[in-house]
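# Structure assessment
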Amino acid sequence: MLLGNFNIDLLGKSTANRLLKSFAIELDIKQIIDKPTRITEHSRTLIDLIFINIDHRIVQSGVLQTSLSDHSLVFCVMKAGVP
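Figured I'd write up the structure that's included with this text. Please read these numbers as outputs of a predicted model, since none were measured by experiment.

Cut-offs used in this document
Residues numbered from 1 in each chain as written. Predicted model: local features only at pLDDT ≥ 70, side-chain atom pairs only at ≥ 80, totals over all residues. Heavy atoms only, no water. Helix = DSSP H or I, 4+ residues; strand = E, 2+ residues; numbered from the N terminus. Buried < 20%, exposed > 50% of the residue type's maximum accessible area, 1.4 Å probe, protein only. Contact = heavy atoms within 4.5 Å. Core = buried A, V, L, I, M, F, W, Y, C linked by side-chain atoms within 4.5 Å. Salt bridge = Lys/Arg side-chain N within 4 Å of Asp/Glu carboxyl O. Pairing = 2+ DSSP bridges.

### Observations concerning the environment of Val-74
You can see Val-74 is positioned in strand E7 (residues 73–78). By relative accessible area, Val-74 is classed as buried at 19%. Sequence-wise, Val-74 and Thr-37 are 37 residues apart; in three dimensions their C-alpha atoms are separated by 7.5 Å. Contact partners of Val-74, with chain neighbours within four places excluded, come to Ile-33, Thr-37, Asp-48, Ile-50, Gly-62 and Val-63.

### Notes on the nonpolar core
Grouped together as the largest cluster of nonpolar side chains are 14 residues, with contacts concentrated most on Leu-20, Ile-32, Ile-33, Leu-49, Ile-50 and Phe-51. For this core, the secondary-structure elements that each account for two or more residues are helix H1 (15–27) and strand E5 (48–52). The element that contributes the greatest number of residues to this core is E5, accounting for 4 residues. Setting aside its immediate chain neighbours within four residues, Ile-32 contacts Ile-50, Ile-52, Ile-58, Ser-61 and Cys-76.

### Let's talk about the pattern of salt bridges
Under the counting rule described, the total for this entry stands at 3 salt bridges. Among the ionic pairs, Lys-30 bridges to Asp-55, the shortest N-O distance being 3.8 Å. Taken together, the residues Lys-30 in strand E2 (residues 30–31) and Asp-55 in the loop between E5 and strand E6 (58–64) connect sequence positions 25 residues apart. Among the residues examined, Lys-30 registers a relative accessible area of 46% and is labelled partly exposed. What makes Asp-55 partly exposed here is its relative accessible area of 43%.

### Digging into the sheet that holds E5
If you walk across this open sheet you meet the 3 strands as E1-E5-E2, and the pairing is antiparallel. Both outer strands of the open sheet, strand E1 (2–5) and E2, are each paired with one neighbouring strand and no more. For E1 and E5, the ladder comprises 4 bridges, and the chain directions are antiparallel. Bridging from a neighbouring strand, Leu-2 pairs with Phe-51 of E5.

Right, here's the structure in full:
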């Protein structure tokens, strides 16, 4: 799992966006957040990302709005191993 504020808007069409997507394909990882994570008066961007290589173990993922920051909280819930 690789996660954080990448400051590359995956909703946009920049060169950095294309490079990040190519990087993910090369590493065989999938980005699982699909809603904007930073919303202002003038923009909606998807810059807080979670990349995984075990998508079959992800039960839930999403974006939660908070008043702590101008960024939303991203999360994922994974299935645990065999008890």
